[in-house]
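Examining the three-dimensional arrangement
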Amino acid sequence: EDALLPAPQNISILSTNMKHFLTWTPVIVQGETVRYSVEFQGEYERVYANESWLPISECSLLTATLCDITEDISATVAYNLRVRAELGASRSPWGTLKGFFNRITTSLTPPVMKVIADGYHLLVELEDMGPAFQFRVLYWKKGQERRMQQQVVKEASSVVHLDTMEAGGDYCVKAQTYVEAINRSSSFSHTQCVRAQGDRSMWL
Amino acid sequence: TAGNKIFHFGACRVSMSMTEIRTGFTAIKANIQARDPIRTLSILSYPHSLHKVKSSDRCCITHHLFDFYVDKVFKHCKTEDSFVNRKVSSIANSFLSMKRKLGQCHEQNQCMCGQESAEKFQQILANYEGLNVTSAAMKSLGELDILLDWME
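Residues numbered from 1 in each chain as written. Chains lettered and ligands numbered in written order. Predicted model: local features only at pLDDT ≥ 70, side-chain atom pairs only at ≥ 80, totals over all residues. Heavy atoms only, no water.

Helix and strand counts for chain B come out as 6 helices and 2 strands. Listing the helices and strands of chain B from first to last along the sequence gives β-β-α-α-α-α-α-α. For 152 residues, the compact-globule estimate of 2.2 N^0.38 gives 15 Å, and the C-alpha radius of gyration of chain B, at 15 Å, lies within 12% of that figure. Overall, the C-alpha framework of chain B stretches about 40 × 35 × 25 Å when taken along its three principal axes. Nonlocal contacts in chain B, meaning residues at least 24 apart in sequence, comprise 81% of its contacts between residues at least 6 apart. If you average the places of the 19 positive and of the 15 negative side-chain charges in chain B, the two averages end up 3 Å apart. (Helix = DSSP H or I, 4+ residues; strand = E, 2+ residues; numbered from the N terminus. Rg over C-alpha atoms; globule rule 2.2 N^0.38 Å. Contact = heavy atoms within 4.5 Å. Lys, Arg positive; Asp, Glu negative; His and termini not counted. Charge placed at Lys NZ, Arg CZ, Asp CG, Glu CD.)

Turning to the side chain of Lys87(B), a few remarks are in order. Position of Lys87(B) relative to the elements: it lies in helix α3 (residues 82-107). Beyond its immediate chain neighbours, meaning those up to four positions away, Lys87(B) contacts Glu71(A), Gly24(B), Ala27(B) and Ile28(B).

This part takes up the nonpolar core. Among the nonpolar cores identified, the biggest contains 49 residues, and Leu65(B), Phe68(B), Phe74(B), Phe95(B), Leu144(B) and Leu147(B) are the most heavily contacted of them. Within the residue set of this core, elements represented by two or more residues are α1 (43-48) of chain A together with β2 (12-17), α1 (18-34), α2 (58-73), α3, α4 (115-129), α5 (133-142) and α6 (144-151) of chain B. The element contributing the most residues to this core is α3(B), with 9 residues. Those residues within four positions of Leu65(B) in sequence are excluded, and the remaining contacts are Leu44(B), Leu50(B), Phe121(B), Ile124(B), Leu147(B) and Trp150(B). (Core = buried A, V, L, I, M, F, W, Y, C linked by side-chain atoms within 4.5 Å. Buried < 20%, exposed > 50% of the residue type's maximum accessible area, 1.4 Å probe, protein only.)

It is worth spelling out the environment of Val73(B) at this point. All names here are of chain B. Inspection of the secondary structure puts Val73 in helix α2. By relative accessible area, which is 0% here, Val73 ends up buried. Measuring from C-alpha to C-alpha, the distance between Val73 and Lys139 comes to 9.2 Å, with 66 residues separating the pair along the chain. Setting aside residues no more than four positions away along its own chain, Val73 makes contact with Phe68, Tyr128, Ala137, Ser140 and Leu141.

Given below as structure tokens:
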């Protein structure tokens, strides 16, 4: 390795809703395009495979300073990650992420949700966040919070029918995500209320 | 669906994310099975299928098989193909995570080993050791869907 080329610094993980990215500050060499290569090491490699590292081909000779590692962080174990700079034949030392990364620490945001009153039918449309996500939807008639009902939605692929509403009643809905692989939930979305009104949706 | 399953092995309840393992395996199955020239032999199913194992022995045989794959198989499945290696890593790390969960049951004596599962596992080891290590490892990896199907 060439001592001229310093290792990338400020290596960190951006992880939201089970999408994980490795990022670092660029290595600046005047008038040159520096490239980067990223490798990962799972707990299995550390404990059972001589601490071997695996290259991420989509992040080999990369000019960007961001690498999507989601595909490779596919188990709930501790991962090591490292990146080095490359310029022609020169290679920097590896810069390694401080501490392990475990996807259990991903930040989970409340789901984007749209509540629809289709005549007397209370419907909810949920953002598709990928196969790892389920949704817990709570709904109630305004003023009857203690009779709150729940529905677990395993796939957000279509509009979900929650309830049949009484005419003129106000109905409220909120939702949170749940990721089984890490056994964690997001906080709840803002509550949205609608009123059944014949065939017109009425936002409150 | 998200694909996490709650496996009930007697008193032992273990949540496992099978979808990610199946996705990883499906992506490399053809490649791995193409590396296995010995089609007439099976590691997991010879002479008897896993389906013959009594339900009371399921936890123990599952625990042994996870140990078998983590300790013996995956490390000998390195290939010249970076994509395959990454998927093997994905499966291996998932197995490690699940092996740990099963180990907790084992420690709480909820994963008892009967004679039948001990014999079945010994047979699997004999099948494995009857081949050279790389062939045995590739064949075992290629048979992963047999294990996954049996578990589900």
